[in-house]
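Summary of structural features
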Amino acid sequence: MTPDEVLQGLDPQQREVASQPLGPMCVLAGAGTGKTRAITHRIAYGVHSGAYAAGRVLAVTFTARAAGEMRTRLRGLGLPTVQARTFHAAALRQLHYFWPQAIGGAAPEVLSHKAPAVAEAGGRLRLDLDRTALRDVASEIEWAKVSMLTPDTYRTEAARQGRSVADLDHTAMARMWEAYEEVKTARGVIDFEDVLLLTAGILTEREDIARTVRGQYRHFVVDEYQDVNAAQQTLLDVWVGERSDVCVVGDPAQTIYSFTGASPRHLLNFTARHPGAQTVHLVRNYRSTPQVVAVANAVLGVRADGPRLQAQRGDGPAVSVQQHPDDAAEASAIAASVKSLLAQGIPASQIAILYRVNAQSEAFEQALAEAGISYLVRGGERFFQRAEVRNAIVLLRSAARSDDGTVPLGKLVRDVITAAGWSPQRPAGGALLERWQSLEALASVADDLAADPQVRIGQLVAELDRRASEQHAPAVEGVTLASLHAAKGLEWDAVFLAGCSDGLLPLSHAEGAAAIEEERRLLYVGLTRARVHLTLTWAAARNPGGRATRSVSRFLRPAARLLDGGGIPAEAPPTRSRTRKVSGPVRCRGCGKDLHQAAERKIGRCADCPPTYDEQTFEALRSWRKAVATAQSVPAFVVFTDATLIAIAERAPGSETELAKVSGVGARKLAAYGPAVLGVLRGDAPEDMAELACATTKSD
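Residues numbered from 1 in each chain as written. Predicted model: local features only at pLDDT ≥ 70, side-chain atom pairs only at ≥ 80, totals over all residues. Heavy atoms only, no water.

As named in an unreviewed UniProt entry, the protein is DNA 3'-5' helicase, taken from Metallococcus carri. The UniProt entry for the protein carries this comment under Sequence similarities (unreviewed entry): "Belongs to the helicase family. UvrD subfamily." (UniProt positions renumbered as here; feature names shortened; annotations may be inferred.)

Shown next, in the form of structure tokens:
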């Protein structure tokens, strides 16, 4: 393949990425804009033009599936030897290779699951933790470790961010973490976070080993860079060293994993760390119709960190929004709509039902089963780890020895995997159907390969082994059920986005402007999974006959005029019982529209406009308020309401006179909390200022 052939078919921005393979580059790539195509062609152009050798490139991403897709595309561009791995896979490979040299002996085994070790740690501390608590503690340990904290620094940072885990205070959680590390040491194992931290540590401390790695890999490409956490960024820094041949690709609008320690600041600050780096924006959306793109753009709003998507496909049906009386009715209606799409010829594998939390899937599973529609729940057991798939591959491996080529490949494979549970008759449903679908997917791979008469079972097994190593699972025919987080990076012809009501989108326990904005981005990710058909649904009540207490998601208001059948108000209606009469209109300082709700008037900004305050300052104020409320045994809103706290953060008063001008800060609260609030705004520790406030209150 020639360099010119590599560039053929790329749009101007993709070509700009691909044709400049050397030097630092930041690619801000919107949803569906062909970022994987751009970066794989960049690597291909660099190799085929002689700018660098294939063996000197390391491409890293976040999931085995994404890494497998990248390797598949690179093979198609004539580059079967380019390394494309996840951060953990690349680090683990280096750790195993260099451990004998740096530490001595073989590298320790990696824990596959934290829960047993966490349970043992809890037992040592005489803590009785249920299954949910164990999971939450394990997740908190993961967050703390990738955030480069220690048990000592965790206490302060967790308090600053207002984190709360399994009813454990920050000191107890830190002690749990210490006990967990003691359990690992006793077992002689490490966890996945240790893989990153230990590899980075070895490369930092051993310059000779770092030189070896940097001699092997001289050019780096990082996909989904908005999801990088502190530990991964540290590892990338020691990989790259003083050089500048690194290309990062990401989309700040798809930052949805901050709860795991991911941060878009690495992407947004890339050019500051790499002076002279080129920035390229990919904005042409090739995935979705103009109708879908318009709604996604409206929901996301105008952003300073990236331009709006530009649809490249032809027109499609309008995006519809549907209200249902309860969750069961919503699920039944979606199942009926799915049946209609199937009747129109849309394959089940090209239809998805997406939702905010996994607990929502049960209603859809039941509705689809009652309608006789096959489905699969994404995020469960990996395809190649399923018992029936493993058994089938063992049977095929044995059958390869006796395959004389006389029986058509597809028929022979189905004969062999009958022993694993396949049958000519498709089961009606349940676990039998799920097992049958997995085996039928293997048979479909054989059908695809049978186009070449030279391919037999031996070649099929080799292909399945390759796919297993790359987590490239064959398509299983069935409607996909997935959470919005699990849907990231995927796409379907038709998407039903369920539960579009306040309390689910945004989730009710999402507190603070930063958390709310992440919920908005999560909805944006869900919207941009759809190619043609997009239906948004919500239920007014949870149970049949229940009180209709829900309202449509506030995130859909900016897109109200673009949605078919919704009746969504473009603005939040005035709340009579909470709206004060004022002498004149109060307008949003962001977009200029009139504000009706008291909370919006207080902060001077509508719910649709992004916040203008420093998030760290706001979180510090929230931590202070929580500490004061706990010490005084009162609800947090008694100290200050959320709206007042936001107003303080946005105005950042520097004196008691300025603080007194904030709505909600009366004379009494100014006297009780004024000095402490100003201290927090100056950067003093929230805990210290909470003690000051409590002391002031007692003296009064």
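Now that the structure has been shown, the text picks up again.
**Things to note about the packing of helix 7 (residues 131–146) against helix 9 (residues 170–187)**
For the pair helix 7 and helix 9, interaxial distance at closest approach is 11 Å and the crossing angle is 85°. On the basis of their axis angle, the class for helix 7 and helix 9 is roughly perpendicular. Between helix 7, through Val137, Glu140, Ile141, Ala144 and Lys145, and helix 9, the contact on the second element is made entirely by Met173, Met176, Trp177, Tyr180, Glu181 and Lys184. Grouping the amino acids of the contact of helix 7 with helix 9 by side-chain chemistry returns 7 nonpolar, no polar and 4 charged. (Axes fitted to C-alpha atoms, helices over the stretch in contact; angles between N-to-C directions. Helix = DSSP H or I, 4+ residues; strand = E, 2+ residues; numbered from the N terminus. Parallel < 35°, antiparallel > 145°, perpendicular 65-115°, else oblique. Contact = heavy atoms within 4.5 Å. Nonpolar A, V, L, I, M, F, W, Y, C, P; charged D, E, K, R; others polar.)

**Here's the deal with the sheet that holds strand 2 (residues 57–61)**
Here 6 strands make up an open sheet; going across it, the order is 3-2-6-7-1-8 and the pairing parallel. Here the strands that pair on one side only, and so sit at the sheet edges, are strand 3 (83–86) and strand 8 (278–282). For this sheet the average axis-to-axis angle between neighbouring strands, irrespective of direction, equals 15°. Pairing of strand 6 (residues 219–222) with strand 7 (residues 246–250) involves 3 bridges; the strand directions are parallel. Bridged to Phe220 within strand 7 is Val246. With respect to the sheet, helix 4 (residues 64–76) is in contact with strand 2 and strand 3, its orientation differing from that of strand 3 by roughly 170°. (Pairing = 2+ DSSP bridges.)

**Here's the deal with the UniProt feature "domain: UvrD-like helicase ATP-binding" (unreviewed entry) in the protein**
Sequence positions flagged by UniProt for "domain: UvrD-like helicase ATP-binding" (unreviewed entry) are, in local numbering, residues 8–289. End C-alpha to end C-alpha, residues 8–289 measures 24 Å, and it is 52% helix and 12% strand.

**Quick word on the environment of Leu527**
When you line up the elements, Leu527 lands in helix 23 (residues 513–527). Excluding residues that lie within four positions of it along the chain, Leu527 makes contacts with Val292, Val295, Ala296, Val299, Leu497, Leu534 and Leu536.

**Section: the sheet that holds strand 13 (residues 375–377)**
Pairing is parallel across the open sheet formed by 6 strands, whose spatial order is 11-16-15-12-14-13. With partners counted over all chains shown, the strands left at the sheet margins are strand 11 (320–326) and strand 13, one partner each. Pairs of neighbouring strands in the sheet enclose a mean axial angle of 25°, with direction left out of account. The pairing of strand 12 (residues 351–355) with strand 15 (residues 492–497) spans 4 bridges and is classified as parallel. By the bridge assignment, Ile351 is partnered in strand 15 with Ala494. Its contacts with the sheet put helix 16 (residues 327–343) on strand 11, strand 12, strand 14 (479–483), strand 15 and strand 16 (530–541), and the angle it makes with strand 11 is roughly 140°.

**Thoughts on the pattern of salt bridges**
Tallying each qualifying case throughout the model produces 38 salt bridges. For Arg124, the salt bridge identified is with Glu120, shortest N-O distance 3.5 Å. Of this pair, Arg124 and Glu120 both sit in helix 6 (residues 115–124), 4 residues apart, which is roughly one turn of that helix. Accessibility expressed as a relative area gives 45% for Arg124, which makes it partly exposed. A relative accessible area of 32% means that Glu120 is categorised as partly exposed. In this structure, Arg682 and Asp684 form a salt bridge, with 3.5 Å as the shortest nitrogen-oxygen distance. (Salt bridge = Lys/Arg side-chain N within 4 Å of Asp/Glu carboxyl O. Buried < 20%, exposed > 50% of the residue type's maximum accessible area, 1.4 Å probe, protein only.)

**Comments concerning the UniProt feature "binding site: ATP" (unreviewed entry) in the protein**
The sites that carry the UniProt feature "binding site: ATP" (unreviewed entry) are, in the present numbering, Ala29, Gly30, Ala31, Gly32, Thr33, Gly34, Lys35 and Thr36. In this fold, Gly30 is placed in the loop between strand 1 (25–29) and helix 3 (35–48). For Gly30, a relative accessible area of 13% gives the class buried. Apart from the residues within four sequence positions on either side, Gly30 is in contact with Asp251, Gln254, Leu282 and Leu309. The residue Lys35 is located in helix 3 in this model. Dropping the residues within four chain positions of it, Lys35 is found in contact with Ala29, Asp223, Glu224, Val249 and Leu282.

**Structural notes on the nonpolar core**
Counting 43 residues, the largest nonpolar core has Leu527, Leu536, Leu556 and Leu563 as its most contacted members. Residue assignment for this core shows that the elements contributing at least two residues are helix 15 (290–300), strand 12, helix 22 (484–487), strand 15, helix 23 and strand 16. If sequence neighbours within four positions are ignored, Leu563 has contacts with Val295, Val319, Val321, Leu536, Leu556 and Ile568. In terms of nonpolar packing, the next biggest core, distinct from the first, is built from 36 residues, Cys26, Leu28, Val60 and Val248 among them. (Core = buried A, V, L, I, M, F, W, Y, C linked by side-chain atoms within 4.5 Å.)

**Points about unusual backbone geometry**
Cis geometry is adopted by the peptide bond preceding Pro506, which originates at Leu505 and carries an omega value of 5°. In this fold, Pro506 is placed in the loop between strand 15 and helix 23. The backbone of Met148 shows a phi angle near 65°, a positive value even though the residue is not glycine. Residue position: Met148 is located in the loop between helix 7 and helix 8 (151–161). You can call Met148 partly exposed: its relative accessible area is 41%. Its identity as a non-glycine residue notwithstanding, Glu224 has a phi of 50°, on the positive side.

**Considerations on the pairing of strand 2**
Across the 5 residues of strand 2, 5 count as buried, placing the element largely inside the fold. Because side chains alternate across strand 2, one face comprises the buried residues Val57, Ala59 and Thr61, and the other comprises Leu58 and Val60, equally buried. As paired elements, strand 2 and strand 6 share 4 bridges and run parallel to each other. Paired with Val57 across the bridge in strand 6 is His219. Bridging between strand 2 and strand 3 involves 4 bridges; their strand directions are parallel. By the bridge assignment for strand 3, Thr61 is matched with Thr86. This β-α-β element, strand 2 to helix 4 to strand 3, shows right-handed connectivity. (Right-handed = clockwise from strand over helix to strand, strands pointing away.)

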